Structures are given as C-alpha cells and as structure tokens.
Amino acid sequence: MPIDKPTSIVPAGSWIQATTFGWLLGFGLIVVLAIAWASLAPEAQWMVGVGMGMGVGYMQSRLLRDVLDRPRRWVWATIGGLAVPFILWDLSAAIGTGFLSLPICLASGGLLAGVLQWDLLRSRS
C-alpha cells in the first residue's frame, strides 16, 4: 500500500508572497500607528506588534478563507501573538525595569503567534 504524501493547505509560493506583502503592509501600518500615537507616548512600542500582526495576519488569512471556518481568528491570533511581547516591553519600561529588548520581543512574538496559529490549523493539518 503506498503512503499518501501530505498535501499542503496553501501552495508555498502563494504563502511566501502573501507573507511578504503582509510585511510591507505591516510596515505601513506601523508608520500610521506611530504617527497617530507619537504625541501621546513617543517611546511606546506596542504599535510594532499590532501593525505587523495586522498586515501579515490579514494577508495570510486571505489565503486561508477556504481552510478555516473563521479566518478572522487568524488575524487576531497574529496580532495577539506579535503584540503581547511589545505591550509587555512598554509596561516594563513604564514601571522602570526595562527588562525586554527588540530581539526578545521579536523572537517571543513570532513564537507566540506561531503557537496561536498552530492551534487554529491543527484540526486541518
């Protein structure tokens, strides 16, 4: 009996393209959020996670419309995963500890977003 090869949910080329455009969109959203927020708290970093999560999550969720029952959950999982470390960074800076840094936020945000996204995909893959 031959073993079936696992099929991809979304073609890799489409996924890479959507993620690339999501990063570009996310960068633009970070700029918009930073400009809007600059007068209130110019040192805040939360908009990095939120903007990038919005851009990447939205573009990827478009490819997952036929895969997920509620593709908006993908956007929220991406925003939440990427934003939480940056929100913690802002809170740690506000109380004066400043224990987080950009590399830590990026790595932990990617990991958290991946875990939240995996939870949405595990029933489909």
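Here the structure is shown first, and the text comes after it.
**Student:** Looking at this structure, I do not really get helix α4 (residues 102-121). What am I missing?
**Tutor:** Because an α-helix completes one turn every 3.6 residues, residues spaced three or four positions apart along the sequence face the same direction. Over its 20 residues, α4 runs 28 Å from end to end, which matches the ideal 28 Å to within 8%, given 1.5 Å per residue. Residues of α4 that are buried: Cys105, Gly109, Ala113, Gln117, Leu120 and Leu121. Within α4, the buried residues cover an arc of 120° as seen down the axis, which keeps them to one side. Within α4, the exposed residues directed more than 90 degrees away from the buried face are Pro103, Ala107, Leu111 and Trp118. Its buried side turned inward, α4 meets α2 (46-63) and α3 (72-94).

**Student:** Help me out: how do you make sense of the side chain of Thr78 in this one?
**Tutor:** Inspection of the secondary structure assignment puts Thr78 in helix α3. In terms of polar contacts, Thr78 uses its side chain to reach the side chain of Gln117, at 2.7 Å. Dropping the residues within four chain positions of it, Thr78 is found in contact with Gly53, Val56, Gly57, Ala113 and Gln117.

**Student:** Even after reading the chapter, I still don't get the packing of α3 against α4, so can you show me in this structure?
**Tutor:** For any two helices packed against each other, the geometry is given by the interaxial angle and the distance between the axes. At a closest axis distance of 8 Å, the pairing of α3 and α4 adopts a crossing angle of 155°. Taken as axis vectors, α3 and α4 run roughly antiparallel relative to one another. In this structure, α3 crosses over α4, and the sense of that crossing is right-handed. On α4, the residues touching Arg73, Trp74, Ala77, Thr78, Gly80, Gly81, Leu82, Val84, Pro85, Phe86 and Trp89 of α3 are Leu102, Cys105, Leu106, Ser108, Gly109, Gly110, Leu112, Ala113, Leu116, Gln117, Leu120 and Leu121.

Cut-off values and rules
- Residues numbered from 1 in each chain as written.
- Predicted model: local features only at pLDDT ≥ 70, side-chain atom pairs only at ≥ 80, totals over all residues.
- Heavy atoms only, no water.
- Helix = DSSP H or I, 4+ residues; strand = E, 2+ residues; numbered from the N terminus.
- Expected span 1.5 Å × (residues − 1).
- Buried < 20%, exposed > 50% of the residue type's maximum accessible area, 1.4 Å probe, protein only.
- Arc of directions from axis to C-beta.
- Contact = heavy atoms within 4.5 Å.
- Polar contact = N/O pair within 3.5 Å; in protein donor to acceptor, adjacent residues only side chain to side chain.
- Axes fitted to C-alpha atoms, helices over the stretch in contact; angles between N-to-C directions.
- Parallel < 35°, antiparallel > 145°, perpendicular 65-115°, else oblique.
- Left-handed = near helix turned anticlockwise from the far one by under 90°.

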